[in-house]
Each structure stands twice: as C-alpha cells, then as structure tokens.
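Descriptive analysis of the structure
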Amino acid sequence: MAESQERVQVEAANMPYKQLNGVQRQQRLSELAIVFLKLGTIAFGGPAAHIAMMDDECVKRRQWLSQEKLLDLLGITNLIPGPNSTELAVHIGYDRAGWKGLIIAGSCFILPAMLIVWALAAVYVRFQTVPEVGWLLYGVKPVIMAIVAQAFWKLGKAAIKDLPTAIAGATVIAAFFLNVNELVLLLLAGLGVMLFKNIQRGNTGVAALLPFPIVLSQVSVTTAAIGKATWPQVFLVFLKIGSVLYGSGYVLLAFLQRDLVERMQWLTSQQLLDAVAIGQLTPGPVFTTATFIGYLIAGNVGAIAGTIGIFLPAFVFVAIVSPWAAKLRSSPWTSGFLDGVNAASLGLMAVVTYTLAREALIDWLTIGVALVSTIVVFRFKINSAWLVLAGGTIGFLAQKFGWIA
C-alpha cells in the first residue's frame, strides 16, 4: 500500500501541470514557493552559486527535471537579457506549473533579497553619517573591486572568442569615454559582429529572428532631467536597464554609473559603491541593488518601483522566448548578435571597474585589502559574502584602533 502511494506521488511529481487535478496543482505551486523562498534566503555567492543550488534542489533532490533539461534552460537564459539565475528560476517555475509557476518561482526567489536590501537601505539612509558605518563600507569597497575583477576575468574568457569580439570590446571602451550612449554601443556591437561573422560564412540572408533588445533599445532611451526623481522615473530607468542588460549583475554597474551618477546625478559614485557592497552582503540576485538605489532616490515607493522595473523584463522574456528557444539557439544571426553584445558588455564592465576603483582605492590600506582580496578570489573558491564581511571587519578595526589617521 505504501509503495503504491509512493509510486502515485512520483508519477504526479513528473506529470505535466495541465494533467493534474486542483489539489495536485495547488500542491505543486506550494512546493515551488517553498523551494524558491528557501533558495532566495540562502543563495549567497552570485549567479554561479545560485545555479548550483537550483541544480541540487530541483534536479538531484526533487528530480523535477533532468540535468540535460536544466542545462538547456540555462542555455536559453543566455540568449535573453536579464539576471541569469533569476531567469533560470522563472524557467523552472514555468516548466513545472505554467504561468502561475513562472510568477511564483521568480517572485519567491527575488522576495527575500528584496526585503533584506530594502531594510538595509532604510538603515543606511538613517545611519550613513555614523563613523562606524562609514568605516565598514570603507573596508568593503576594495573587496568589491576584487570580486568585480574576478567576474570580469571569467566573463572575458567566455565573451572574447575571436578577433571580431575583441575589436568590439576594445571599441566600446574607447567609445564609452567619448560619452556614446551605452545602449547604442550594445546594439552596434551586436549588429557589427553579427554581420561580420555571417558575411564571413557566406550567409547573406536576412536575419529571421533577432533578440528583442534590438527593438527595446530604441525605447525609453531618453532620461529624466537632473533633479529629484519620482517613482515612475525610477521605474522607467530600471525597466530600460532590465530590458537590455546582458552579462552578469556586475555589468549593471556600467549602466548605473552612466545613467544615475553621471547623466541624471541622482546618486554619487560613493553611494553606488555602497549599494553594490550591500548587494554583496545579501543573498539572492545582485539585481536587487535596484531596490537599494530606488529607496535612496525615491523612498519606499522607489524601492518597489526599482525592483519591479528591473525584474519585470525577465518574466516577460522567459514567457515569450520559450516557444522560440530552439530557433534562437540555432540561428547564426542571433548567435553572432549575442557574441557582439557580450563583448560590448565586457567593455562596459571594464570602464566602470576603472571608474569605481578610483573611488574605492584611496590609501595604502584599501589598496592592500584589494590586492589580498584579489589573490584570495582567484586562488581559492570562497563565497564572496565571507570576503565582504572580512572587508567590513577590517574597516571597523581600522577605525577602532586608529590604523589610518
């Protein structure tokens, strides 16, 4: 009897969502909520760590999908903009329970990090002038530079595949310093590499299906005037970024630096670094930096607007792209476009790393912390959250014992 009941449960676990009865559907949605709330609460370490945790929970422990299916879904996330680990959670939810699963899995993965970052933003606004807090961030910022440098190195090995992508990345770096809009840089790099590679192959046909960001990059490129921001402006800025951003969450820094710091002056570079540091201290997607920044700019409503704006495109893209996944992956036009966009993203990341380093590395101690952190992140497999905590401790001790005058 027990074996029969267990077999029924296993069969129900693997049945398509449409074939389940009402009770079974509700149970499946509840399981998705529990699993992704758990992952969103403990998922430190960035996208690679998040994906490894999803593999352990959804493939190895619960057998919701096969290893091959997980890798296939991960490959699809690389074809669309947005945070890869969040999009993988959304994909798994859609695969398990359709539209409801898509919303529940993605929202539950994001929610814990959003709430934690939101609370820390309120604390930051209240206590940022307290010396102890300032010194904690003083020690964290050089560690962030090491973490970004590691991400840059890993992305570089994947993004710079050949001479065309290397030229695209170098050109984007030069053009960025000439104040060319970053969305234009992404679009032109993608189109340039796509056309070059397909002409080189002798493929002169018209691209049947290009990624959605080509269209979206032409929308909402204009930004608000300098001054106090409203929550709709915060929403639109982050919606634009979430709609076109390829690469890791660290590439987000380039967009934030250009849009919010340089163009609209809603933030200072110091506040941007602080936001990234908070993002590293918390679990879940790095994109919840938008929650922190939204709060700084427009209070509680800004935190909500920034979060929804930057994550909404991921849900929409996953829902739209699923039926076209095979065609997108096999298209030489799409492949070439993505090669160019990834190289451009790397170039943007290089520029913003340089810009933020000038803010973070201000004396012998911060330079030393950055060098040691760089050695640690490249030599040892250590969770970035531990490094951030160590940096904060060093900053606190430096203030406590007067290591820096």
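Throughout what follows, the structure given in this document is the object of discussion. (Residues numbered from 1 in each chain as written. Predicted model: local features only at pLDDT ≥ 70, side-chain atom pairs only at ≥ 80, totals over all residues. Heavy atoms only, no water.)

**Some thoughts on the packing of aromatic side chains**
Enumeration according to the criterion identifies four aromatic pairs in this entry. Here Phe177 and Tyr354 contribute two aromatic rings whose centre-to-centre distance is 6.4 Å and whose plane-to-plane angle is 70°, an arrangement assigned as edge-to-face. Of this pair, Phe177 sits in helix 7 (residues 163-177) while Tyr354 sits in helix 15 (residues 332-360), and the two are 177 residues apart along the sequence. Looking at Tyr354, the relative accessible area reads 46%, which means it is partly exposed. On the basis of an interplanar angle of 45° and a centroid distance of 6.2 Å, the ring pair of Phe287 and Phe311 is categorised as tilted. (Phe/Tyr/Trp six-rings, centres within 6.5 Å; stacked < 30°, edge-to-face > 60°. Helix = DSSP H or I, 4+ residues; strand = E, 2+ residues; numbered from the N terminus. Buried < 20%, exposed > 50% of the residue type's maximum accessible area, 1.4 Å probe, protein only.)

**With respect to the environment of Arg61**
When you line up the elements, Arg61 lands in helix 3 (residues 47-61). With residues up to four places along the chain from it excluded, the contact list for Arg61 reads Lys38 and Asp56. (Contact = heavy atoms within 4.5 Å.)

**Re helix 11 (residues 252-263)**
Helix length check: helix 11 (12 residues) gives 15 Å between terminal C-alpha atoms against 16 Å at 1.5 Å per residue, within 8%. Of all the 12 residues making up helix 11, 10 are buried; the element is thus mostly covered by neighbouring parts of the structure. Of the residues making up helix 11, those classed as buried are Leu252, Leu253, Ala254, Phe255, Leu256, Gln257, Arg258, Asp259, Leu260 and Val261. Looking at the residues trailing helix 11, positive phi occurs at Gln265, about 55°. (Expected span 1.5 Å × (residues − 1).)

**Some remarks on the nonpolar core**
Where a protein is soluble and globular, its nonpolar side chains tend to be buried together. In this structure, Phe36, Ile92, Phe238, Ile241, Leu260 and Ile293 are the most contacted members of the largest nonpolar core, which totals 115 residues. When residues of this core are assigned to their parent elements, the largest contribution, 15 residues, is made by helix 5 (residues 84-127). In contact with Ile241, not counting residues within four places along its chain, are Leu252, Phe255, Leu256, Asp259 and Ile310. (Core = buried A, V, L, I, M, F, W, Y, C linked by side-chain atoms within 4.5 Å.)

**Details of the pattern of salt bridges**
Evaluated as defined, the whole model comprises 11 salt bridges. A salt bridge links Lys38 to Glu57, with the shortest nitrogen-to-oxygen separation between them at 2.5 Å. One end of the pair, Lys38, is in helix 2 (residues 22-42); the other, Glu57, is in helix 3, and 19 residues separate them in sequence. Assessed through its relative accessible area of 3%, Glu57 is described here as buried. Taken together, the shared-partner salt bridges in this structure form one network comprising Lys38, Glu57, Arg61 and Arg62. (Salt bridge = Lys/Arg side-chain N within 4 Å of Asp/Glu carboxyl O.)

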